[in-house]
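Structural features, examined
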Amino acid sequence: MAEKAATARKAAPRGGAPKNARRRSREFALQGLYQWQLAGAGITEIKQHLATVTGFDRADGEYFSALLSGVINHAAGLEEALQPHLDRKIAELSPIERSILLIAAFELSNLPEVPYRVVINEAVELAKEFGGDNSSKFVNGVLGTIFRQSELYDPKEDKRVNPDAGKQKDSETTKEQ
């Protein structure tokens, strides 16, 4: 019985829910980008190495490949887009924070089928799991700022700017009854 509980804890992130294939893909892409930054490894070498790591078979291989290749191939443009939203030079970020922001920037700019809220949430979860003490707050702040300056942002739907966002007015509720 204790063995089952230990196995369940290992399979689930801090939030308790099991990891889906895309979350695993993001985690492996994060590991690959870390290798790329610190060891200068190439895409093929990184993919070959990570394919042998336990749990890789439960990741979405196609999505992992798109993230890893996309971020590495577009790193300069992604960094240029991120830089105005940072409080320091991108080169001064930890490799983990830099990788997480690059993954999220790539998803936001190249994978419109992934909802922005999912991208931001997944990036924050990666930062909680792999980053430093304040990484998740930093990542959330940067990505939130980027989103609020994008064409997708609608201040009418922002609960922080408009506390009544998403609520029906009393007159609309009365009419429906």
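Use the structure listed above.
Residues numbered from 1 in each chain as written. Predicted model: local features only at pLDDT ≥ 70, side-chain atom pairs only at ≥ 80, totals over all residues. Heavy atoms only, no water.

**Examining the overall build of the protein chain**
Test applied: A helix here means a DSSP run of H or I that spans at least four residues, while a strand means a run of E at least two residues long, and both kinds are numbered starting from the N terminus. Working definition: with a 1.4 Å probe on protein chains only, accessible area under 20% of the residue-type maximum means buried, over 50% means exposed, and in between means partly exposed. Contacts are residue-level and defined by heavy atoms, with any inter-residue pair within 4.5 Å sufficient. The Shrake-Rupley method, run with a 1.4 Å probe sphere, supplies the accessible areas, and residue values consider only the shown protein chains as cover.
Summing up its helical and strand segments, the protein chain has nine helices and zero strands in all. For the protein chain, the sequential pattern of α-helices and β-strands runs α-α-α-α-α-α-α-α-α. Burial status across the protein chain gives 38% buried among its 177 residues. In the protein chain, the proportion of contacts linking residues at least 24 apart, taken out of those at least 6 apart, comes to 62%. Summed over its atoms, the accessible surface of the protein chain is roughly 11,000 Å², and 51% of this surface lies on carbon and sulfur atoms.

**Section: the pattern of salt bridges**
Note the threshold: A pairing counts as a salt bridge when a side-chain nitrogen of Lys or Arg comes within 4 Å of a carboxyl oxygen of Asp or Glu.
Throughout the structure, instances matching the rule amount to eight salt bridges. For E122, the salt bridge identified is with R23, shortest N-O distance 2.7 Å. Of the two residues, E122 sits in helix α7 (residues 116-130) while R23 sits in helix α2 (residues 21-39), which places them 99 residues apart along the sequence. Looking at E122, the relative accessible area reads 8%, which means it is buried. Judged by its relative accessible area of 13%, R23 falls in the buried class. R98 is the salt-bridge partner of E79, the closest N and O atoms lying 2.3 Å from each other.

**Comments concerning the side chain of S135**
With respect to the helices, strands and loops of the structure, S135 is situated in helix α8 (residues 135-148). Judged by its relative accessible area of 3%, S135 is buried. In this structure, S135 is in contact with E97 and A127, ignoring residues within four places of it in sequence.

**Comments concerning the packing of aromatic side chains**
Stated formally: Between the rings of Phe, Tyr and Trp (Trp by its six-membered ring), a pair exists once the centres lie within 6.5 Å; its type follows the angle of the planes, with under 30 degrees stacked, over 60 edge-to-face, and the other angles tilted. For a Lys NZ or an Arg CZ to count as sitting over a ring, it must be within 6 Å of the ring centre and within 35 degrees of the ring normal.
Enumeration according to the criterion identifies two aromatic pairs in this entry. Ring geometry for F28 and F56: centres 5.1 Å apart, planes at 75°, overall edge-to-face. Here F28 is found in helix α2, whereas its partner F56 is found in the loop between α3 (43-50) and α4 (61-73), with 28 residues between them in sequence. Summarising the aromatic geometry, the rings of F56 and F64 are spaced 5.1 Å apart at their centres and angled 90° between planes, so their arrangement reads as edge-to-face. Assessed through its relative accessible area of 15%, F56 is described here as buried. Taken together, the aromatic side chains of F28, F56 and F64 make up a single cluster linked through ring pairs. A cation over an aromatic ring shows up here: R22 above the ring of Y63, its NZ or CZ 4.0 Å from the ring centre. Its end group placed over the ring of F138, R88 keeps NZ or CZ at 4.6 Å from the ring centre.

**Things to note about α8**
Count 3.6 residues to each turn of an α-helix, and residues three or four apart come out pointing the same way. Let me state the cut-off plainly: Under the convention used throughout, the expected extent of a helix is 1.5 Å for every residue step, that is, one less than its residue count.
Between the first and last C-alpha of α8 there are 20 Å, a value that for 14 residues agrees with the 20 Å anticipated at 1.5 Å per step. Those residues of α8 that sit buried are S135, S136, F138, V139, V142, L143, G144, I146 and F147. Tucked inside the fold, the buried residues of α8 contact α5 (75-82), α6 (95-110) and α7.

**Re the packing of α7 against α8**
As a reminder, the rule being used: Comment: axis = line fitted to C-alpha atoms, over the contacting stretch for helices; angle = value between 0 and 180 degrees taken between N-to-C directions. Here the angle decides the label: under 35 degrees means roughly parallel, over 145 means roughly antiparallel, 65 to 115 means roughly perpendicular, and every other value means oblique. It is the rotation of the near helix from the far one that decides the hand of a crossing: anticlockwise by less than a right angle makes it left-handed, clockwise makes it right-handed. Under the scheme applied here, ten amino acids are nonpolar (Ala, Val, Leu, Ile, Met, Phe, Trp, Tyr, Cys and Pro), four are charged (Asp, Glu, Lys and Arg), and all others, including Gly, are polar.
Here α7 crosses α8 at 160°, and the two axes come no closer than 8 Å. In terms of orientation, α7 and α8 fall into the roughly antiparallel class. For α7 against α8, the interelement crossing comes out right-handed. Here Y116, I120, A123, V124, A127 and K128 of α7 lie close against α8, whose contacting residues are S135, S136, V139, N140, L143 and F147. Partitioning the contact of α7 with α8 into residue classes produces eight nonpolar, three polar and one charged.

**What to know about the nonpolar core**
When a protein is soluble and globular, its nonpolar side chains tend to lie buried together. As a reminder of what qualifies: We call a set of buried Ala, Val, Leu, Ile, Met, Phe, Trp, Tyr and Cys residues a nonpolar core when their side-chain atoms join them within 4.5 Å.
Residues L82, I100, L101, V139 and L143 are the most contacted members of the largest nonpolar core, which totals 42 residues. Mapped by element, the contributors of at least two residues to this core are α2, α3, α4, α5, α6, α7 and α8. The element contributing the most residues to this core is α6, with eight residues. Setting aside its immediate chain neighbours within four residues, I100 contacts L30, A123, L126, A127 and V139.

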